[in-house]
Amino acid sequence: VGGQSDTSPIFSWQQVEDACKGGKKFIVIDGNVCDVSDWVDRHPGGKVLLSYVGEDATDAVRAFHRDNASLQKFLTPLVVARVCPEPISTIGGKGAPESAAAPLHDPALEKDFRTLREEARTAGLFRPSAAFYIMMLAHVIALEACGYLLLRH
């Protein structure tokens, strides 16, 4: 998703969360903080966007919106800032409360998940296969037959 220039504001995850508690409807997509307050009523998928307020919605957006050019057309005007790439635990710095030690946002985990998803896509695991469904049907029929035979004897 295209974003702001290098001079755009950078928000911490805490700032995103605080803004959302204050009534803003910010979601994060590819590191961009998007204000979806005005867009949510026009979103073709309904108010599902509200499920991701204050969170990173990158993976959900990629799962449902495959046409990046079209997506960028709609998201670029909604970008208000970039999000700080560090986990929240590094934002607190020295003297931060102990609760800040557990990151709410873990970029390393997200990177691993996205790498795994891409490897699965490349391996063809998301492509439908008629053979799979035929085998599943055969499996169900075999289990039903075994159950019937057990009950008869």
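Analysis parameters
- Residues numbered from 1 in each chain as written.
- Predicted model: local features only at pLDDT ≥ 70, side-chain atom pairs only at ≥ 80, totals over all residues.
- Heavy atoms only, no water.
- Helix = DSSP H or I, 4+ residues; strand = E, 2+ residues; numbered from the N terminus.
- Buried < 20%, exposed > 50% of the residue type's maximum accessible area, 1.4 Å probe, protein only.
- Pairing = 2+ DSSP bridges.
- Polar contact = N/O pair within 3.5 Å; in protein donor to acceptor, adjacent residues only side chain to side chain.
- Contact = heavy atoms within 4.5 Å.
- Core = buried A, V, L, I, M, F, W, Y, C linked by side-chain atoms within 4.5 Å.
- pLDDT = per-residue confidence, 0-100.

Residues other than glycine seldom take positive phi values, yet Asp-30 does so here, at roughly 55°. Assignment of secondary structure puts Asp-30 in the loop between strand 2 (26-29) and strand 3 (32-35). Asp-30 gets classed as partly exposed once you look at its relative accessible area, which sits at 26%.

What follows concerns the sheet that holds strand 2. Strand order in the open sheet formed by four strands is 1-4-3-2, with mixed pairing between adjacent strands. The open sheet has two free edges, formed respectively by strand 1 (10-11) and strand 2, since each of these has just one partner strand. Here strand 2 pairs with strand 3 via four bridges, running antiparallel. By the bridge assignment, Ile-27 is partnered in strand 3 with Cys-34.

With respect to the element layout, Thr-58 can be found in helix 2 (residues 58-64). Given the relative accessible area of 0%, Thr-58 is considered buried. A polar contact is formed between the side chain of Thr-58 and the backbone nitrogen of Asp-30, at a distance of 2.7 Å. Setting aside chain neighbours within four positions, we find Thr-58 in contact with Val-28, Ile-29, Asp-30 and Arg-114.

The next subject is the nonpolar core. Judged by nonpolar contacts, the single largest core of 13 residues is most densely connected at Ile-27, Ile-29, Cys-34, Val-36, Leu-49, Leu-75 and Leu-78. Of all the secondary structure elements, the ones that give two or more residues to this core are strand 2 and helix 3 (68-75). Counting residues in hydrophobic clusters, the runner-up holds 10 residues, among them Trp-13, Val-16, Phe-26 and Val-83.

Now for the confidence of the model for the protein. For the protein, the average pLDDT comes to 81, and 83% of its residues sit at 70 or higher. Element-level pLDDT for the protein is lowest in helix 4 (residues 88-91), with a mean of 44, against a maximum mean of 95 in helix 6 (residues 130-152). Counted against residues more than four places away or in other chains, residues 88-103, with its pLDDT under 50, gives 14 contacts.

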